Amino acid sequence: MGDRPTRTCRLAFAVPAEADAPRDDEGGLEWRDVSCYVTDDASLVVHRNGDDPSVYSLSHAPTGRLIPTEAAGSPDPLIELANRLSLITDWATLGATAGIDELSPRVRRRIFAELDRFNCRIRLKSGASTPPRERP
């Protein structure tokens, strides 16, 4: 993974369910140890995507959950995003079930605005014309 500092993280990856397979307590998740790039906040890590190793992803290390972002072909923009997000809140304190929903509306808006700006920049660089994602 280049000359950037890395560490091993235990992250959750979605596993496609077979039609007749019983659902487990993990909700179709498989935990894997993966090599992750270190960011300014140890709770936010950048790693290769489980489905496509040419794409990088951003995850919340304490819960192992993926933070939805546009596909990035390099870890650098995601490391920069993680460093900006680390200035907004203490990611280590976010719980596994509600995550960002536990935060105040003002902080949630700041996080979503930062994610939207990132996703827009990635879409513009790739030439994609997909609309911004909807919020519940």
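Scroll up to find the structure.
Residues numbered from 1 in each chain as written. Predicted model: local features only at pLDDT ≥ 70, side-chain atom pairs only at ≥ 80, totals over all residues. Heavy atoms only, no water.

Colleague: Would you mind showing me how to read the nonpolar core here?
Modeller: Soluble, globular proteins show a tendency: their nonpolar side chains are buried together. Core analysis: the largest hydrophobic core is formed by 22 residues, its most contacted members being Leu58, Leu78, Leu85, Trp91 and Ile111. Taken together, the elements giving at least two residues each to this core come down to strand E3 (44-48), strand E4 (56-60), strand E5 (65-72), helix H1 (75-86) and helix H2 (105-126). Leu11, Val34, Val45 and Ala61 belong to the second-largest nonpolar core, a separate cluster that totals seven residues. (Core = buried A, V, L, I, M, F, W, Y, C linked by side-chain atoms within 4.5 Å. Buried < 20%, exposed > 50% of the residue type's maximum accessible area, 1.4 Å probe, protein only. Helix = DSSP H or I, 4+ residues; strand = E, 2+ residues; numbered from the N terminus.)

Colleague: Explanation requested: the pairing of E5 in the structure shown.
Modeller: Two faces, one strand: in a regular strand the side chains alternate between the faces of the sheet. Sheet topology places E4 next to E5; four bridges connect them, and they run antiparallel. Opposite serine 59, over in E5, you have leucine 66 as the bridge partner. If you look at the hairpin formed by E4 and E5, you'll find four residues sitting between the two strands, and glycine 64 has a positive phi there, around 80°. (Pairing = 2+ DSSP bridges.)

Colleague: Looking at this model, I keep getting lost on the sheet that holds strand E1 (residues 6-14). Mind explaining?
Modeller: Within a sheet, neighbouring strands are paired by backbone hydrogen bonds and run either parallel or antiparallel to one another. The five strands are arranged E1-E2-E3-E4-E5 in an open sheet whose pairing can be described as antiparallel. At either end of the open sheet lies a strand with only one pairing partner, and these are E1 and E5. Taken pair by pair, the neighbouring strands of this sheet meet at an average axis angle of 40°, ignoring direction. Where E1 meets strand E2 (residues 29-37), nine bridges bridge the pair, whose relative direction is antiparallel. When the bridges of E2 are listed, arginine 7 appears paired with cysteine 36. Where H1 meets the sheet, its contacts fall on E2, E3, E4 and E5, and the angle it forms with E4 comes to roughly 25°. (Axes fitted to C-alpha atoms, helices over the stretch in contact; angles between N-to-C directions. Contact = heavy atoms within 4.5 Å.)

Colleague: Sorry, what's going on with H2 here?
Modeller: It helps to recall that an α-helix has 3.6 residues per turn; residues three or four apart then point in one direction. When the terminal C-alpha atoms of H2 are compared, their 31 Å separation across 22 residues agrees well with the 32 Å that a helix rising 1.5 Å per residue should span. For H2, the set of buried residues is Val107, Ile111, Glu114, Leu115, Phe118, Asn119, Ile122 and Arg123. Looking down the long axis of H2, one finds its buried residues gathered within 165° of arc, a one-sided arrangement. Facing away from the buried side of H2 by more than 90 degrees, the exposed set consists of Arg109 and Leu124. Buried residues along H2 sit against E5 and H1. (Expected span 1.5 Å × (residues − 1). Arc of directions from axis to C-beta.)

Colleague: Please explain the packing of aromatic side chains as it appears in this structure.
Modeller: Two measures describe an aromatic ring pair: the distance that separates the ring centres and the angle between the ring planes. This model, assessed by the stated rule, comprises one aromatic pair. Sitting above the plane of the phenylalanine 13 ring, arginine 32 keeps its charged end 4.4 Å from the centroid. (Phe/Tyr/Trp six-rings, centres within 6.5 Å; stacked < 30°, edge-to-face > 60°. Lys NZ or Arg CZ within 6 Å of the ring centre and 35° of its normal.)

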